[in-house]
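# Structural characterization, general
Here are the chains, one letter per residue:
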Amino acid sequence: MAEAALKAFVCGHPIGHSRSPMIHGYWLEQYGIDGSYTAIDVAPADFPAFLKGLAAAGFRGGNVTIPHKEAAFAGVQRRDEAAEQIGAVNTLWFEDGVLCGGNTDAYGFAANLDHLAPGWARGDIAVVLGAGGASRATIHALKQRGFNDIRIVNRTVSRAQELADQFGKGVSAHPQAATGELLGDAALLVNTTALGMHGNEGLPADPAALPDHAIVTDIVYVPLETPLLAAARARGLKTVDGLGMLLHQAVPGFERWFGRRPEVTAGLRNLVVADLDAKK
Ligand code: ATR
């Protein structure tokens, strides 16, 4: 078979679990584009050489996932604003032969809420649970969308404090014990911790303390309805699951490599949901 005209990839270690090939493969087929998107397992020691060889291998670019996002940040020649703020690169492309790196997680986070909870960014106050990489992307998105009181809650407060110091004005760090009082006037609650994930069942916060108009969203999408989202829904609050963030963060990369801005449709979502169900 002839090689596809436009080639892209996702690299990680391990990479078998990645749903990116399913997402990009769906769009390539939908739009009839002569392109390929393949999963490549790259061990950490091999990552620098992998980056150097991309152009010669004919790649237009690709995605980078765990554990290479920081190495990609260090290894590219140019970065976009989101990557600079988040300190990690998840999308690679070439501009005039220069290897560029961007981060589309903040875009994906905001686009998911724009899609499923229009008006979500009208408030000023947000509570973010967790202080890892996903938390950074979320805080960047919240700042960009005008939240001016962003309260980070983390088991290890020093990690939350590091983020608060980095993001500056309007971002504060808090211990878990303060969660209840922090939620009382929040417009948005975001879980970015691993709590609620399959195999790590638990409630990262009790949505009972939130006001009636609050929106609750989770970065975790396995399971689709986390214990936090279930509790928020039972309390009558608007909830948005994390799968949409995964789908939307793929949009800017696809457009760069394949030249068409793809749409996040019910058909795409159903395809990924069926795969999640099959692997339960
Ligand atoms: P990611 O890059 O995906 O955000 P991470 O850097 O491993 O992942 O961060 C995971 C987050 O989940 C952290 O905020 C972590 O809290 P600590 O900084 O205190 O480790 C949080 N987390 C994981 N398990 C948790 C648990 N059982 N209870 C509370 N927080 C937890």
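See the structure printed just above.
Computed from a predicted structure; not experimentally measured.

Helix α7 (residues 157–167) packs onto helix α6 (residues 133–144) with a crossing angle of 35° between their chain directions and a minimal axis gap of 11 Å. The two elements α6 and α7 meet at a crossing, and its hand is right-handed. Contacts from Ser135, Arg136, Ile139, His140 and Lys143 in α6 reach Leu163, Gln166 and Phe167 in α7. Residues belonging to the contact of α6 with α7 are distributed by class as follows: three nonpolar, three polar and two charged.

For the rest of this paragraph, the subject is the pairing of strand β3 (residues 59–64). Each regular strand carries side chains that alternate between the two faces of the sheet. The buried count for β3 comes to five of six residues, which makes it a mostly enclosed element. Of the pairings in the sheet, the one linking strand β1 (residues 6–12) to β3 comprises five bridges and is parallel in character. Looking at the pairing, Ala8 lines up with Gly61 of β3. Pairing of β3 with strand β5 (residues 91–95) involves three bridges; the strand directions are antiparallel. Across the sheet, Gly62 pairs through a bridge with Leu92, a residue of β5.

This next bit is on the environment of Leu99. Note that Leu99 resides in strand β6 (residues 98–102). We classify Leu99 as buried; its relative accessible area is 5%. Considered as a pair, Leu99 and Arg60 are 39 residues apart in the sequence and their alpha carbons are 9.8 Å apart. Residues contacting Leu99, with those up to four places away along its chain left out, are Leu51, Leu54, Gly75, Val76, Gln77, Arg78, Leu92, Trp93 and Phe94.

What follows deals with the site of the ligand. In the region of the ligand, 13 residues are neighbours, and Ala131, Asn154, Arg155, Thr156 and Arg159 sit closest. A distance of 2.9 Å separates an oxygen atom of the ligand from a polar atom in the backbone of Gly133. Arg159 is positioned such that a nitrogen or oxygen atom in its side chain is 2.8 Å from an oxygen atom of the ligand. Protein chains shield 69% of the accessible area of the ligand, which is 650 Å² for the free molecule. Classifying every residue of the shell around the ligand by side-chain character gives four nonpolar, seven polar and two charged.

This next bit is on unusual backbone geometry. Ile66 connects to Pro67 through a cis peptide bond whose omega is 10°. Relative to the elements of secondary structure, Pro67 occurs in the loop between β3 and α3 (69–75). Of note, the bond from Val222 into Pro223 is cis; its omega dihedral lies within 30 degrees of zero at 5°. Inspection of the secondary structure puts Pro223 in the loop between β11 (215–218) and α9 (227–234). At Asp96, a position not held by glycine, the phi torsion is positive, near 50°. Relative to the elements of secondary structure, Asp96 occurs in the loop between β5 and β6. The exposure class of Asp96 is exposed, given its relative accessible area of 80%.

Another point: helix α11 (residues 251–258). A large share of α11 lies buried, amounting to six of its eight residues. Regarding α11, the residues found buried are Val251, Pro252, Gly253, Phe254, Trp257 and Phe258.

Here the focus is the layout of surface pockets. Here the largest pocket defines a volume of roughly 1,500 Å³. Lining the largest pocket are 49 residues, and of these Ile66, Lys69, Ala134, Met197 and Ile219 sit closest to its centre. Listing elements by their share of the lining of the largest pocket, those giving two or more residues are β3, α3, α6 and α10 (243–249). Among the elements that take part in the lining of the largest pocket, α6 stands out by supplying four residues, more than any other. Per-class residue counts for the lining of the largest pocket are 22 nonpolar, 20 polar and seven charged. If you count residues domain by domain, the lining of the largest pocket takes at least three from each of domain 1 (6–103 + 250–278) and domain 2 (106–242). Forming the boundary of the second largest pocket are Arg19, His198, Tyr221, Val222, Pro223, Leu224, Val273, Leu276, Asp277, Lys279 and Lys280. Of the residues that constitute the lining of the second largest pocket, the class distribution is six nonpolar, one polar and four charged. Both domain 1 (6–103 + 250–278) and domain 2 (106–242) contribute no fewer than three residues apiece to the lining of the second largest pocket.

Attention shifts here to the pattern of salt bridges. The final tally for this structure, using the stated rule, is 15 salt bridges. Residue Arg79 is joined to Glu84 by a salt bridge in which the shortest nitrogen-to-oxygen separation is 3.3 Å. We classify Arg79 as partly exposed; its relative accessible area is 31%. Residue class for Glu84 comes out partly exposed when judged on its relative accessible area of 40%. One salt bridge in this structure joins Arg261 and Glu255, with 2.6 Å as the shortest N-O distance.

So, how was this worked out
- Residues numbered from 1 in each chain as written.
- Predicted model: local features only at pLDDT ≥ 70, side-chain atom pairs only at ≥ 80, totals over all residues.
- Heavy atoms only, no water.
- Axes fitted to C-alpha atoms, helices over the stretch in contact; angles between N-to-C directions.
- Helix = DSSP H or I, 4+ residues; strand = E, 2+ residues; numbered from the N terminus.
- Left-handed = near helix turned anticlockwise from the far one by under 90°.
- Contact = heavy atoms within 4.5 Å.
- Nonpolar A, V, L, I, M, F, W, Y, C, P; charged D, E, K, R; others polar.
- Buried < 20%, exposed > 50% of the residue type's maximum accessible area, 1.4 Å probe, protein only.
- Pairing = 2+ DSSP bridges.
- Near = heavy atom within 4 Å.
- Polar contact = N/O pair within 3.5 Å; in protein donor to acceptor, adjacent residues only side chain to side chain.
- Areas by Shrake-Rupley, 256 points an atom, 1.4 Å probe, with all protein chains shown as cover.
- 1 Å grid on protein atoms, 1.4 Å probe; cavity = no way out; pocket = protein on both sides within 12 Å on 5 of 7 lines; lining within 4 Å.
- Points joined across faces, edges and corners; volume = space filled by probe spheres on them.
- Domains from an automatic or database assignment.
- Salt bridge = Lys/Arg side-chain N within 4 Å of Asp/Glu carboxyl O.

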